[in-house]
Structures are given as C-alpha cells and as structure tokens.
Amino acid sequence: MTETIMQQCAGAPQDMPVRRGAARRQLVRRGAVVAGILALVTAAPFLPLDPLHLNPAARGLGPSLAAPFGTDLLGRDVLARTLTALAVSAQVGLAAAAISTLIAVTLALAATFSRLAERAVGVLTELALGLPHFVLVLMVAYAAGGGMSGVILGVALTHWPRLCRVLRHEAQTVAAADYVRISRALGRSRFWVARYHLAPHLLPQVVVGFVLIFPHAILHEAGLSFIGLGIEPHLPSIGVMLADSLRGLMAGHWWVAVFPGLGLVFLALSFEVFGESLRRAADPVDGGA
Amino acid sequence: MLKATAITHRFGAVKVLDHADLFLAPGQIAGLVGPSGTGKSTLGRILAGHLAPLSGHIEADGAPVGFGPGRPCPVQYAPQASELSIDPRWRVGRILENGGAPDQGMLEALGIRPEWRDRFPRELSGGELARVSLARLVLPTTRYLICDEITAPLDALSAEDMMTALRALARRGMGILVISHNYGFLRRHADLVMQLQHGKFAPAGIA
C-alpha cells in the first residue's frame, strides 16, 4: 500500500506535462474541427448549391451519388439545404452568443462598482435564472416579431445570466484577493488592477462562456423554427427542415430528418466539446494558462 | 519612525486590538509573537493600510500611512500565505515587477534565480514563492516592512538566509516587524520581541 502511494507520488510530476500536452493537442484538434465547420458554413452560400431549387422530377429520392443526402418532397437537394441551414444556424448562434456575452460582461463589470449595483445585478440574474428558460425565449422571439432577428434577440436576452453569475463571482474573488491589495499598496491604480489582474482572469471565462452559449443558441433556433416562431419558412433552417420532415417521415423518407438532425447535433456537439477543452486549458490549476 | 497609536479593532464581539500602541524605528527589527487568533496578522494589515482600524492613528515618518496611484505605501505587508498573495496567472518576472523594478541586492540576497522569471507560481515551491513574494515589496519607497510568518514554509537554512537579507535591509534603514509563532527564532533575530496580550502590546518572554 505504502509502496503504491509512494510510486503514485513519484510518478505525478512526470505525468503532469504529458497530460497537459495531451489536453493541449485535444484542444487543437477540437478547435480545428470547429474552425473547419465554420469555414464550411461560411463558404456554403458561395458553393454551387441551390437550396431553393425545386425539381418535381426528383421528389423524395433516397441518398445517391447525385444527391448524397437525398431529396425532399418538393425535390430539393437535402445536402444543399442542410449546409445552407447550418450556415444560417451558425450566424444566429454567433450573433446571439456575442450579444449574450456582451450583456453578461457589462453587468458583471457594473456589479463591481458599488454594493448597490452588485445587489441589483444579483437580483436581476437570479430572477432571469428563475424564469422558465424556453418560455422566455418564446416570449421574446414572439414580441420581437419572430424571424432571424427575433430568434437572435430571444436567445441573447435569455442566455446571459449563467455567464454573468460566473463572471461576477470571478470579479469579486479577484477584487478581494490579497494580490490586488498588494498591487494597490504598491501604488498601482484601479485601472491597472483591472487591466493586469481582472482582465486576465475574466477573459478565458468570457471566451469559454461565448463558445458554450453557441450550441444553446443554435438548438433554440432550431426549436423556435420547428414550431414556426423562428427563421422564416422559405429560408432553409434546420428547424424548418425538421418540421417539414414530419410528412416525409410518414412516407418512409428517413433521410429528410436524419441528415439535417445529425448536422445540427454535430455542429452543437463540436462547439460544446471545444468549449469544454477551452475551459480546462484556461484553468491555471487543471490545465495550463 | 512608524507610530501606531491607540489602535482598536474587533471582529464581531471579539476585540483583537484595544488601544494598542506600537513604535518601530528605522533600522530596527522587532518581533511579534503569540498564538493564533490574537490579532497579529490583523495588526500587520492595519499597519500597512490594507485594513482600516475601528479607531487609532498610524503614521510613518510623520505622515499618515496611505497609498494611491503612483504613490506606493511606505509600509508594506508580506502576508502569511504567499501562494494566495500572488496572481496565479502571472509569471514570476511580472510578480517581481509588481510595483516597479525590483531591488537587485534583495533578489541576490534571497537567492532568486533569473531562470524563475519565465515560470508560473505553480512551478515554484512554497519557499521559493515566499522569497519572490517578499522581494517585490522592497521598493525605493518602502520604509517599513511587515513580515507575517514569511519563514513558515522555509527550511531552517533558508529561513536564516531570509533573516540575513532582512538584516541587510535594516542596516539600510528599513524598519522591520517580523510576526511569528516561534519565540526562539525571534529572540535570535529581532532587536526586541513583543506579544499581544488582551489587545495590547507587552514585552514577550517565556512564561
């Protein structure tokens, strides 16, 4: 027993760089996948694909070399529609995640100004967290008139609280830390403390928060579009495609649901695991800042 | 002269300092001994302006103790847990330059190696961190230094080296208050040793 513990203790320092190196390689791999997806969906509108082209002669065809993802009930190419829909999803996701992150950062920083501001932000955050999430998204999207801007606003205005709570806690911890008091006693200004102590602590959380809001945003976009409150029905979107696919599924056309569904899962999952790797890498204890 | 007069501070119902007076002369090394919970660290923080006392007055060389942007405090406090007093995201080089260019003589006296500058705090031992934490506080403006249990994570030889470095600072006119649990250690190194008794200072001795 003693020998085992001693062996473990002796092995630990040598193992750590190996583990850290493996984590970093994993982060690079996952980052490359995310970058590849973003490049593909960004390039989608420029590819020789027409997601709106109707071909009555090729309605409801299964996957083939000519149409690898098959065609839907109106004879439209499912591959072209899936790629274009993912591009729309990525745009909605990026815009919603960016606005959400901006709200979270602004409120978290505002909370550090005074005790009153801290309490006000705290109450607002807890209130927003306490309300049913999807109902709130629905209400905001509906109030904003639906469509792409409605989805973006709906997701952006409902996804900041968790990140805000993390950032507020991080900012409070840093502000109360001994090293901040020492920096102030060594003649450094509040601005200097914010630049050199607060920003390096908050930035990784902000980036990770942004990346982790992204999959939520695209899943909500699909959900809202599925029930008709999201992207306009004439535009290709995963939610619209899945809603349309119900009729196809009854006719045995599995490909009209499976491929767009898998595309959505792959897009959301790749951002989720990339965000997780990023979080680990940003942790000065767990990873390596 | 660092003069703290009629310092009173309490935590809830517990009065840790009760109209305590303390005088520390330039070039003097004073020791403060006592069991945990008697207010030694609280006093250290109060002297360096990290904590405002409930009442009392502190002045260094005739001016009230304070600090502001571009105006470092003449009294610096080295906390007990050096790993918590250092930003974990900074490299050692930046930590040493926390308040400006570090004192080269102090770096050499404390055995701080140039190759540490590129390392993160987690890549140094507790003793090495304690030395880095102390070295950054020695600025040209630092007149008094409060060292709170800074030799605790050090082995006996390193602790002696650190005290030698502090003695060199004292010879340059810096007043130093060393807080420790170890009465024998303070007897060896300090010019006088005090203890906190019922919130006031008293000469320390083995009871």
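On a predicted model such as this, the values are computed, not experimentally measured, just so you know.

Asker: How should I be thinking about the overall build of chain B in this particular structure?
Answerer: Helices and strands together make up the secondary structure of chain B, namely six helices and ten strands. Against the 2.2 N^0.38 benchmark of 17 Å for 207 residues, chain B shows a C-alpha radius of gyration of 16 Å, consistent with a compact globule. In terms of principal-axis extent, the alpha carbons of chain B reach across some 45 × 40 × 35 Å. Sorting the 207 residues of chain B into buried and exposed places 47% on the buried side. Contacts in chain B between residues at least 24 apart in sequence constitute 73% of all its contacts with a sequence separation of at least 6.

Asker: Would you explain the overall build of chain A in this entry?
Answerer: The helix and strand tally for chain A stands at ten helices and zero strands. Put simply, chain A runs from its N terminus to its C terminus through helices and strands in the order α-α-α-α-α-α-α-α-α-α. Looking at chain A residue by residue over its 289 residues, the buried ones come to 39%. The long-range fraction of contacts in chain A, counting pairs at least 24 apart against all pairs at least 6 apart in sequence, stands at 66%.

Asker: Quick question: what am I supposed to make of the environment of Pro26(B) here?
Answerer: All names here are of chain B. Looking at where Pro26 falls in the secondary structure, it is placed in the loop between β2 (14–24) and β3 (29–33). Exposure remark for Pro26: the 16 C-beta atoms within 10 Å place this residue in the partly exposed category. Here the alpha-carbon distance between Pro26 and Met1, two residues 25 residues apart in the chain, equals 5.9 Å. Residue contacts for Pro26: discarding those within four places in its chain leaves Arg143, Gly173, Met174 and Gly175.

Asker: Please explain the sheet that holds β3(B) as it appears in this structure.
Answerer: Adjacent strands of a sheet pair through backbone hydrogen bonds, lying either parallel or antiparallel. All names here are of chain B. With mixed pairing, six strands are arranged side by side in an open sheet as β6-β7-β8-β3-β9-β10. Whereas interior strands pair on both sides, the edge strands pair on one side only; in this sheet they are β6 (75–78) and β10 (200–203). Each strand of the sheet is rotated relative to its neighbour by a mean of 25 degrees, with strand direction disregarded.

Asker: In this structure, what is going on with the UniProt feature "transmembrane region" (unreviewed entry) in chain A? I would like to understand it.
Answerer: Residues and elements named next belong to chain A. If you check UniProt for "transmembrane region" (unreviewed entry), the listed places come out as residues 92–113, 134–157, 206–231 and 252–271 in our numbering. Structurally, residues 134–157 comprises 83% helix and 0% strand, and the distance from its first C-alpha atom to its last is 12 Å. Structurally, residues 206–231 comprises 81% helix and 0% strand, and the distance from its first C-alpha atom to its last is 28 Å.

Asker: How do you make sense of the nonpolar core when you look at a structure like this?
Answerer: Note on soluble globular proteins: their nonpolar side chains tend to be buried together. Phe214(A), Val75(B), Leu110(B), Ala135(B), Ile146(B), Cys147(B) and Leu177(B) are the most contacted members of the largest nonpolar core, which totals 126 residues. Excluding residues within four positions of it along the chain, Val75(B) makes contact with Leu2(B), Leu47(B), Ala48(B), Gly49(B), Ala60(B), Val65(B), Tyr144(B) and Ile146(B). Residues Phe69(A), Val78(A), Trp255(A) and Phe259(A) belong to the second largest nonpolar core, which totals five residues.

Asker: For this particular structure, what's the right way to read the confidence of the model for chain B?
Answerer: A low pLDDT means the predicted coordinates there should not be read in detail. Residues and elements named next belong to chain B. Looking at chain B as a whole, the pLDDT averages 89, with 99% of positions reaching at least 70. No element of chain B has a lower mean pLDDT than β10, at 80, and none a higher one than β6, at 95. Both confidence scores are given for the complex: pTM 0.73, ipTM 0.92.

Asker: Please clarify how helix α4 (residues 126–135) of chain B should be interpreted in this entry.
Answerer: One turn of an α-helix holds 3.6 residues; hence residues three or four places apart share an orientation. Most of α4(B) sits inside the fold, with eight of its ten residues counted as buried. Of the residues making up α4(B), those classed as buried are Glu128(B), Leu129(B), Ala130(B), Arg131(B), Val132(B), Ser133(B), Leu134(B) and Ala135(B).

Asker: Looking at this structure, how should I read the interface of chain B and chain A?
Answerer: Accessible area lost during the coming together of the parts is what is often quoted as the interface size. With 21 residues of chain B at the contact, the number on the chain A side is 15 residues. Of the residues that constitute the side of chain B that touches chain A, the class distribution is ten nonpolar, seven polar and four charged.

Asker: What is the right way to read the packing of helix α3 (residues 115–130) of chain A against helix α6 (residues 160–175) of chain A from this model?
Answerer: How two helices pack is summed up by the angle between their axes together with the distance between the axes. Residue and element names in this part refer to chain A. α6 packs onto α3 with a crossing angle of 145 degrees between their chain directions and a minimal axis gap of 9 Å. Like other packed secondary-structure pairs, α3 and α6 cross with a definite hand, here left-handed. Of α6, the residues touching α3 (which contributes Val121, Thr125, Ala128 and Leu129) are Pro161, Cys164, Arg165 and Arg168. Classifying every residue of the contact of α3 with α6 gives five nonpolar, one polar and two charged.

Asker: Explain the sheet that holds β2(B) to me, please; I cannot follow it from the model alone.
Answerer: Residue and element names in this part refer to chain B. Judged by pairing direction, the sheet is antiparallel, and its four strands sit side by side in the order β2-β1-β4-β5 without closing on themselves. A single partner strand is all that each edge strand has here, and the edge strands are β2 and β5 (63–64). Looking at chain direction, strand β1 (residues 2–11) and β2 are connected through seven bridges and run antiparallel. Bridging across to β2, Leu2 finds its partner in Leu24. Of the strands in this sheet, β1, β2 and β4 (55–60) are in contact with helix α1 (residues 40–47), which crosses β1 at around 125 degrees.

Asker: Got a minute to help me understand the UniProt feature "domain: ABC transmembrane type-1" (unreviewed entry) in chain A in this structure?
Answerer: Summarizing the sequence annotation, UniProt attributes the feature "domain: ABC transmembrane type-1" (unreviewed entry) to residues 86–275 of chain A in the numbering used throughout. Along residues 86–275 of chain A, the helical share is 83% and the strand share 0%, with 19 Å between the first and last C-alpha atoms.

Asker: Can you help me understand the pairing of strand β9 (residues 192–197) of chain B in this one?
Answerer: For a regular strand, side chains alternate in direction, first toward one face of the sheet and then toward the other. All names here are of chain B. By the bridge criterion, four bridges tie β3 to β9 in an arrangement that is parallel. The partner of Gly31 across the bridge, within β9, is Val193. With antiparallel pairing between neighbouring strands as the criterion, β9 and β10 make up a hairpin whose turn holds two residues, including His198 at a positive phi of roughly 50 degrees.

Asker: Teacher, can you tell me more about the environment of Ser245(A) here?
Answerer: Secondary-structure assignment places Ser245(A) in helix α9 (residues 238–250). Contact partners of Ser245(A), with chain neighbours within four places excluded, come to Val256(A) and Ala257(A).

Asker: Looking at this structure, how should I read the environment of Leu47(A)?
Answerer: Residues and elements named next belong to chain A. Along the chain, the position of Leu47 falls in the loop between α1 (2–43) and α2 (78–110). On the neighbour-count criterion, Leu47 (12 C-beta atoms within 10 Å) is exposed. With 181 residues separating them along the chain, Leu47 and Gly228 place their C-alpha atoms 28 Å apart.

Rules used in this analysis
- Positions within a chain are numbered from 1, following the residues in the order the chain's sequence is written.
- To label them, take the chains in the order written and letter them from A, then take the ligands in the order written and number them from 1.
- With the structure being a predicted model, the display of local features is reserved for residues of pLDDT at least 70 and the display and counting of side-chain atom pairs for 80 or more, all residues being used for whole-chain, interface and lining totals.
- The helix count covers DSSP runs of H or I at least four residues long, the strand count covers runs of E at least two residues long, and both are numbered beginning at the N terminus.
- Between the two quantities, the radius of gyration covers C-alpha atoms and the globule rule is 2.2 Å times the number of residues to the power 0.38.
- Put plainly, a residue is buried at 20 or more neighbouring C-beta atoms within 10 Å of its own, exposed at 12 or fewer, and partly exposed in between, counting only other residues' C-beta atoms, which are placed from the backbone.
- Remark: residues whose backbone-derived C-beta atoms lie within 7 Å of one another are considered to be in contact.
- When DSSP finds two or more bridges between two strands, those strands count as paired.
- To obtain an axis, a line is fitted to C-alpha atoms, over the contacting stretch when the element is a helix, and the angle between two such axes runs from 0 to 180 degrees between their N-to-C directions.
- UniProt positions are given in the numbering used here, feature names are shortened, and annotations may be inferred rather than shown by experiment.
- Joining buried Ala, Val, Leu, Ile, Met, Phe, Trp, Tyr and Cys residues through C-beta atoms within 7 Å gives a set, and that set is a nonpolar core.
- As a per-residue quantity, pLDDT reports the predictor's confidence and falls between 0 and 100.
- Under the scheme applied here, ten amino acids are nonpolar (Ala, Val, Leu, Ile, Met, Phe, Trp, Tyr, Cys and Pro), four are charged (Asp, Glu, Lys and Arg), and all others, including Gly, are polar.
- In this scheme the crossing of two helices becomes right-handed for a clockwise turn of the near helix relative to the far one and left-handed for an anticlockwise turn of less than a right angle.

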